[in-house]
Amino acid sequence: MSHFQCEQIMTDLLAETTVDRTAELARRVDALERRLTSKENTLSLVVFSNEFDKLMAAFTIATGAAACGMKVSMFFTFWATAALKKQGRQAGGKSIVERMFGWILPGGFKKQKLSKLDMAGMGRWMMGREMDRKNIASLEELVASADELGVQIGVCEMAMSLMGIRPEELINYSDLDYCGVATMLDRSSESNTTLFI
Amino acid sequence: MTNVSEIDLTGMKCPMPIVHLTKLMKTLDDGDEVTAFATDPAFCLDVEAWCKRTGHELVELVNSENRVSAKICKTETQE
């Protein structure tokens, strides 16, 4: 093989690998960009508490983010699952312990206690009156707005079964599904912000 | 033709002004203008942030005597 032939082969090889490398890099940059831009506009909330004030904060942030064009997903677990119940009678066919959970954790947003100064309902009543007076949106209004703006709610299946909460006991909400920690982690890893409330 | 409208958000508190604004925006066409009036002290900063996030153009923002008026031009963002 002449010196010239050798050089030619080397140049060809180099050109080939450069093209390959460039294509590979372009593909990786594309993928990264897609991940970054999709993440930029997604908020994930883990709602753990059933306390009225914390639920207010959770739904205010969720509706505000949805209004700002963010994709929002909320994951309800533990006590917060019970807060999603409608007011009214418990479903039939529950065990004694499940019924007790139902009594201790009543449904309806108005029945949820404040984390501070609830004073056996006095604080809650005063807070409600002040909110009315100052034209602050009620929790029910915030939930309805969240629903309208497409906020997604995932409910912890384990908490549902632990507390014996039946799907028919939960509020009417369009984008609501029952899921576990893997779904919550999947949704939160797609977001750039995850809050635990 | 550019559609010009107004929305009264006076008396509403956070987050309802931007929630109502968002709902209205969905019914408008690209390039339409809306002037929003609000009394929520947080609205002045919030409407700027809201425009930044949603991509709508904040044409004019006036804050006087506890009353904020914001003129916004609907801008469709390319995904």
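Parameters at a glance
Residues numbered from 1 in each chain as written. Chains lettered and ligands numbered in written order. Predicted model: local features only at pLDDT ≥ 70, side-chain atom pairs only at ≥ 80, totals over all residues. Heavy atoms only, no water. Phe/Tyr/Trp six-rings, centres within 6.5 Å; stacked < 30°, edge-to-face > 60°. Buried < 20%, exposed > 50% of the residue type's maximum accessible area, 1.4 Å probe, protein only. Contact = heavy atoms within 4.5 Å. Buried area = accessible area lost by both parts, 1.4 Å probe. Salt bridge = Lys/Arg side-chain N within 4 Å of Asp/Glu carboxyl O. Polar contact = N/O pair within 3.5 Å; in protein donor to acceptor, adjacent residues only side chain to side chain. Helix = DSSP H or I, 4+ residues; strand = E, 2+ residues; numbered from the N terminus.

We now examine the packing of aromatic side chains. All names here are of chain A. Under the definition given, this model contains four aromatic pairs over all chains. On the numbers, 5.7 Å between centres and 65° between planes, the contact of F78 with W79 is edge-to-face. Under the relative-accessibility criterion, W79 is labelled partly exposed at 33%. Taken together, F48, F78, W79 and F196 form an aromatic cluster joined through their ring pairs.

With that out of the way, let us pick up the interface of chain A and chain B. Interfaces are often described in size by the accessible area the parts lose on coming together. Tallying the contact residues gives 18 residues for chain A and 14 residues for chain B. When chain A packs against chain B, close to 1200 Å² is buried across both sides, 62% of that on carbon and sulfur atoms. It is A67(A), C68(A) and L149(A) that lose the most area in chain A upon contact with chain B, and together they represent 36% of the buried surface on that side. Run the count over chain A and chain B and you get one salt bridge. We note a salt bridge from K23(B) to E148(A), for which the minimum N-O separation is 3.2 Å. Linking chain A with chain B are six residue pairs in polar contact (both at pLDDT 80 or more), by the criterion used here. Put simply, the parts of the chain that give the side of chain A that touches chain B at least two residues each are α2 (52–67) and α6 (139–148) of chain A.

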